[in-house]
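Residues per chain, in single letters:
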Amino acid sequence: MNQRQIKFLCLEDLVPQEHLLRDIDRAIDFSFIYEEVQGLYGEEAWGKPGLDPVCLFKIVFVQYIFGIRSMRQTIKEIEVNNAYRWFIGYDIGESIPHFTTFGKNYSRRFEGTDIFERIFTRILQEAVRCGFVDASAVFMDGTHIKANANKRKASQQVVEKQARHYQQQLDEEIAKDRQAHGKKPFKKKDDNDPKSPETQTIKQSTTDPESGLFHKGEHEKCFAYVANTACDRHNFILDFDLAPGNTHDSRMFDDLYARLLEKFPQMQVIAVDAGYKTPWIMKQIMDSERIAAVPYKRPMAKAGFFKKHKYVYDEYYDCVLCPANRILEYSTTNREGYREYKSNPTDCQSCPYLSQCTKSKSHQKVVTLHVWDKYMELAEDYRHTPEYRDIYQMRRQTIERVFADAKEKHALRYAQLRGLQKVKLQVTLTFACMNLKKLAIWKRRKGILAPLFQDFWRKQTSRLSSWVSLLQKCTLRFA
């Protein structure tokens, strides 16, 4: 029986030289984890020594690199996979830690900390140091992650409507515009007004209340989370934000964009899809002296009626010309930030295009233009520029490829846990491992992986330091 033959082999001989985990182990010095967890582990001299933090996180990396669905299944895979054992530093005969070990460490040490974000950052910094990250063009988009919740177990909840976070800036712009047109400013709303705030009724999951009901296009309605993500030209994930699935992508843009400006000031072009094509977002990008690469957005006009581009704005006379060459004069600037241009009803009554223009009983056409509409026009000009049009076309092989790989290869299609913070843990580790995998592949391609002998002595030094720490604890115990 070949299964019972005895051979003298070491674990090193059982791992193929071309295995991905060999490249990952040489791509980055995982001893940085000791620095990151410093202060999270106690210095008690009694009890069983804790699991080496590097080994613990390597077990988690195995789960997310290979898209294993749970920690329980990950431990089962490590028990029978020699490459996994070699990577985490366990010999053939050693017993693998129980699958609850990471959960206990999370609840006792890591919960409420930013340890996972710091690990994500350290991996990304290594890619930046090697010159692999090209953030001259950044691609942003959002993807939904189905929550671990039954869509039939829900209740109707009345919640307060969230105010726009840029409302103050918009109010100031509206006041200036009304003043320029000789209009009185709007009265400010009194904070002490006894009026109850605006509310809305939403469907909330009873299984995972922090998720949100997601519905978009042909997608089936489900409770989900949305990950607003940014990547570079080479598909390295630069940063992300997570929110309930009923949060629009444009609401998540501000904080993510601010962090990207701070981390990657070399950004020149921001490629976003139609969901981000709003006056406020275009203003942010243009004011930061960057270029917005955006798609064509279909006009939201009723069938059989003139599209908005048929009404031409004359900046010099501050009026709008309709398809019949009639003038629509400025009327007011409303609280939403739109200038209203209205036609003369007398002209419209006899107009041959009336049925294609408006159904108003008063025969008056109203055209609205946002006070920040110049930024939208500028974005349209960039859209017709071949350079920026080509950059936008790269989204299909950058950010969309990132989402496809995350869901198909790294099990990010479904949330394994419940609650915003725990799902964020899953997303953070998934994106960190995707960057780690790409870092290892690129280092091998460039021939800059750490030498084997250097990697060997690094492992021995790490193991020796852990034994010295254990010896010190034993000395204190029996002193």
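Residues numbered from 1 in each chain as written. Predicted model: local features only at pLDDT ≥ 70, side-chain atom pairs only at ≥ 80, totals over all residues. Heavy atoms only, no water.

Glancing now at the overall build of the protein chain. When helices and strands are counted, the protein chain shows 17 helices and 13 strands. In the protein chain, which comprises 479 residues, the share counted as buried stands at 42%. Counting contacts in the protein chain only where the partners sit at least 6 residues apart, residues at least 24 apart contribute 70% of the total. For the protein chain, the exposed surface amounts to about 27,900 Å²; the carbon and sulfur share of it is 49%. (Helix = DSSP H or I, 4+ residues; strand = E, 2+ residues; numbered from the N terminus. Buried < 20%, exposed > 50% of the residue type's maximum accessible area, 1.4 Å probe, protein only. Contact = heavy atoms within 4.5 Å. Areas by Shrake-Rupley, 256 points an atom, 1.4 Å probe, with all protein chains shown as cover.)

A separate point is a nonpolar patch on the surface. On the surface, Leu 9, Leu 14 and Ile 92 cluster together into a nonpolar patch covering about 250 Å² of accessible area. Residue position: Leu 14 is located in the segment before α1 (20-27). (Patch = residues over 30% accessible without salt bridge, like charges linked within 9 Å, V, L, I, M, F, W, Y side chains within 5 Å. Salt bridge = Lys/Arg side-chain N within 4 Å of Asp/Glu carboxyl O.)

On to the environment of Phe 120, then. With respect to the helices, strands and loops of the structure, Phe 120 is situated in helix α7 (residues 115-129). Remark: the alpha-carbon pair of Phe 120 and Ile 237, spanning 117 residues in sequence, is separated by 9.6 Å. Residues contacting Phe 120, with those up to four places away along its chain left out, are Ile 237, Leu 238, Asp 239, Thr 428, Phe 431, Ala 432 and Asn 435.

Per the counting criterion, the structure on display carries 21 salt bridges. A salt bridge links Arg 233 to Asp 134; its shortest N-O distance comes to 3.6 Å. Of this pair, Arg 233 sits in the loop between β5 (222-231) and β6 (237-244) while Asp 134 is found in the loop between α7 and β1 (137-146), placing the two residues 99 residues apart along the sequence. Looking at Asp 134, the relative accessible area reads 26%, which means it is partly exposed. Salt bridges linked by common partners bring Glu 35, Glu 36, Asp 114, Arg 118 and Arg 122 together as one network.

The axes of two packed helices give the description: the angle between them and the distance between them. One can describe the packing of α7 onto helix α16 (residues 420-446) by two numbers: an axis separation of 9 Å at closest approach and a directional angle of 20°. Looking at the two axes, α7 sits roughly parallel to α16. Of the two elements, α7 crosses α16, and the hand of that crossing is left-handed. Contacts between α7 and α16 involve Phe 116, Glu 117, Phe 120, Ile 123, Leu 124, Glu 126, Ala 127 and Arg 129 from the former and Lys 424, Leu 425, Thr 428, Leu 429, Phe 431, Ala 432, Asn 435, Leu 436, Leu 439 and Lys 443 from the latter. For the contact of α7 with α16, the residue count by class is 11 nonpolar, two polar and five charged. (Axes fitted to C-alpha atoms, helices over the stretch in contact; angles between N-to-C directions. Parallel < 35°, antiparallel > 145°, perpendicular 65-115°, else oblique. Left-handed = near helix turned anticlockwise from the far one by under 90°. Nonpolar A, V, L, I, M, F, W, Y, C, P; charged D, E, K, R; others polar.)

The next subject is the sheet that holds strand β11 (residues 327-333). Strand pairing within a sheet occurs via backbone hydrogen bonds; the two strands may be parallel or antiparallel. Here five strands make up an open sheet; going across it, the order is β9-β10-β11-β12-β13 and the pairing antiparallel. Two strands in the sheet have a free side with no partner beyond their single neighbour: β9 (312-314) and β13 (366-370). With direction set aside, neighbouring strand axes in the sheet form an average angle of 35°. (Pairing = 2+ DSSP bridges.)

Counting 113 residues, the largest nonpolar core has Phe 30, Phe 61, Phe 110 and Met 282 as the members making the most contacts within it. No other element matches the 12 residues that α16 contributes to this core. Once residues lying within four places of it in the same chain are set aside, the contact partners of Phe 61 are Phe 30, Ile 33, Phe 87, Ile 119, Cys 433 and Leu 436. Formed by 10 residues, the second largest nonpolar core is a distinct cluster that contains Tyr 311, Val 320, Tyr 330 and Cys 357. (Core = buried A, V, L, I, M, F, W, Y, C linked by side-chain atoms within 4.5 Å.)

Taking burial as the measure, the 10 residues of β5 include 10 buried ones, the bulk of the element. Strand direction decides the pairing type here: β1 and β5, joined by eight bridges, are antiparallel. Its bridge partner being in β5, Ile 145 is matched across the sheet by Tyr 225. Relative to β5, strand β4 (residues 212-214) runs antiparallel, the two being bridged by three bridges. The partner of Phe 214 across the bridge, within β5, is Cys 222. Sheet analysis places β5 next to β6, joined by seven bridges and oriented antiparallel. Opposite Ala 230, over in β6, you have Asp 239 as the bridge partner. Hairpin connection from β5 to β6: five residues lie between these consecutive antiparallel strands, with Asn 235 at a positive phi of about 70°.

Here we take up unusual backbone geometry. Despite not being glycine, His 363 has its phi angle at roughly 55°, a positive value. If you trace the backbone, His 363 turns up in the loop between α12 (354-357) and β13. Of note in the backbone geometry, Ala 411 takes a positive phi value of approximately 60° without being a glycine. Looking at the secondary structure, you find Ala 411 in the loop between α15 (399-408) and α16.

Quick look at the environment of Ile 65 now. Considering the arrangement of structural elements, one finds Ile 65 in helix α3 (residues 53-65). Spatially, the C-alpha atoms of Ile 65 and Lys 437 are 7.3 Å apart, while their sequence positions differ by 372 residues. Contacts of Ile 65, omitting those with residues within four sequence positions, involve Leu 20, Ile 24, Lys 409, His 410, Cys 433 and Leu 436.

Turning to the confidence of the model for the protein chain, a few remarks are in order. Of all residues in the protein chain, 90% attain a pLDDT of 70 or more, and the chain-wide mean is 87. Taken together, the stretch residues 473-479 has pLDDT below 50 and engages in six contacts with residues farther than four places along the chain or on a different chain. (pLDDT = per-residue confidence, 0-100.)

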